[in-house]
Amino acid sequence: MSTLRMAAVAAEFGRDLEEDFAVAERLIKEARAEGVRLLALPEACLGGYLLSLDNDTGSDAGPPALALHGPEIRRLAALAGELTVVAGYCEAGTDGRRYNSVVCVNGDGVLGNHRKVHQPLSEDASYASGDRFHAFDTPVGRIGMLICYDKAFPESARALALDGAEIGVVVSAWPGARTNATPDLVNDRWKRRFDLFDRARALENQIVWVSSNQSGTFGSLRFVGSAKVVDPGGEILADTGVGAGLAIAELDVAQALETARRSMGHLRDRRPETYTYAGAVGA
């Protein structure tokens, strides 16, 4: 039996990269002390997210754009060391565009990278869109990554599962509801959606799900926290609640997947030939 100890972070990050690295270093040290081998930091943890989702950012230039193989990502890799660390950042693309991206690193360097495909509200005013989902091998297993709104689309996680992902890691800067906001985030309807998507994506694909999120506030946004680890049956193994913290869980990933898929294998029992849109009939 080989178990993996993994953790999802809920924490607050802003524009100051030095402060962000200080927070990341503290969290990595805390995770290391807890025996964690896979750590997921939130979306936009290096440089902060957008101040608003209404394209109303005033004089804010947005997060700094970082090269995938530049000094900042190398710095993160050095901090990670023997851990596998996932973190969100604004990527300076070689095509001159900026992408909302997530990178997976360890002490050896970059293991994988994903550019956010689905963009909510006015996010496309600040970032170009990614164009694919893929899984990749790491020392802790085969991983697929998503960013925030990506998880609202079942096809995103399904593409990762079909590419052999054993663990889905989704990093977010998911805020509370924009209208009729509740004083208590525990009762926030956007938090309920955040949690529902996490459990559904794990269950329908029968994979382990590690979900990080920003906490606190930034600009006009108030984040719901709720970092968690979900098993392949959709059960929450660890959860930070709406505050900051580490959600830590330990699981034999291979055994958990085998057990979940033994009787009802959602990937095995698919019938893709039937999944057509009615409007396409006779077209």
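To start, this report covers the structure provided alongside it.

Conventions we followed
Residues numbered from 1 in each chain as written. Predicted model: local features only at pLDDT ≥ 70, side-chain atom pairs only at ≥ 80, totals over all residues. Heavy atoms only, no water. Helix = DSSP H or I, 4+ residues; strand = E, 2+ residues; numbered from the N terminus. Rg over C-alpha atoms; globule rule 2.2 N^0.38 Å. Buried < 20%, exposed > 50% of the residue type's maximum accessible area, 1.4 Å probe, protein only. Contact = heavy atoms within 4.5 Å. Areas by Shrake-Rupley, 256 points an atom, 1.4 Å probe, with all protein chains shown as cover. Lys, Arg positive; Asp, Glu negative; His and termini not counted. Charge placed at Lys NZ, Arg CZ, Asp CG, Glu CD. Axes fitted to C-alpha atoms, helices over the stretch in contact; angles between N-to-C directions. Parallel < 35°, antiparallel > 145°, perpendicular 65-115°, else oblique. Left-handed = near helix turned anticlockwise from the far one by under 90°. Nonpolar A, V, L, I, M, F, W, Y, C, P; charged D, E, K, R; others polar. 1 Å grid on protein atoms, 1.4 Å probe; cavity = no way out; pocket = protein on both sides within 12 Å on 5 of 7 lines; lining within 4 Å. Points joined across faces, edges and corners; volume = space filled by probe spheres on them.

## Focus on the overall build of the protein
Item 1. In terms of helices and strands, the protein carries five helices and 15 strands.
Item 2. For the protein, whose C-alpha radius of gyration is 18 Å, the value lies close to the compact-globule estimate of 19 Å for 283 residues.
Item 3. Taking the principal axes of its C-alpha atoms as reference, the protein extends roughly 55 × 50 × 45 Å.
Item 4. A total of 283 residues make up the protein; the buried ones form 53% of that total.
Item 5. A sequence separation of at least 24 residues applies to 67% of the contacts in the protein between residues at least 6 apart.
Item 6. Carbon and sulfur atoms provide 51% of the accessible area of the protein, an area that totals close to 12,200 Å².
Item 7. For the protein, the distance from the average position of its 30 positive side-chain charges to the average position of its 38 negative side-chain charges is 3 Å.

## Remarks on unusual backbone geometry
Item 1. One non-glycine residue, Ala44, lies in the positive phi region at around 60°.
Item 2. Among the secondary structure elements, Ala44 is positioned in the loop between β2 (38–40) and β3 (65–66).

## Considering the packing of helix α1 (residues 17–33) against helix α2 (residues 71–80)
Item 1. Where α1 meets α2, the axes come as close as 10 Å, and the angle between the chain directions of the two elements is 20°. The pairing of α1 with α2 is recorded here as roughly parallel in orientation. For the pair α1 and α2, the sense of crossing is right-handed. In this structure, α1 uses Leu17, Glu18, Phe21, Glu25, Ile28 and Arg32 to contact α2, whose residues at the interface are Glu72, Arg75, Leu76, Leu79 and Ala80.
Item 2. Of the residues that constitute the contact of α1 with α2, the class distribution is six nonpolar, no polar and five charged.

## Some words on the layout of surface pockets
Item 1. Looking at the largest pocket, its volume works out to about 240 Å³.
Item 2. As for the largest pocket, its lining consists of Tyr49, Leu53, Pro120, Leu121, Cys148, Tyr149, Ala173, Trp174, Pro175, Trp190, Arg193 and Phe197.
Item 3. Split by residue class, the lining of the largest pocket holds eleven nonpolar, no polar and one charged.
Item 4. Taken as a whole, the second largest pocket spans an internal volume of roughly 190 Å³.
Item 5. Glu91, Arg97, Tyr99, Asn113, His114, Arg115, Ser129, Gly130, Asp131, Arg132 and His134 together form the lining of the second largest pocket.

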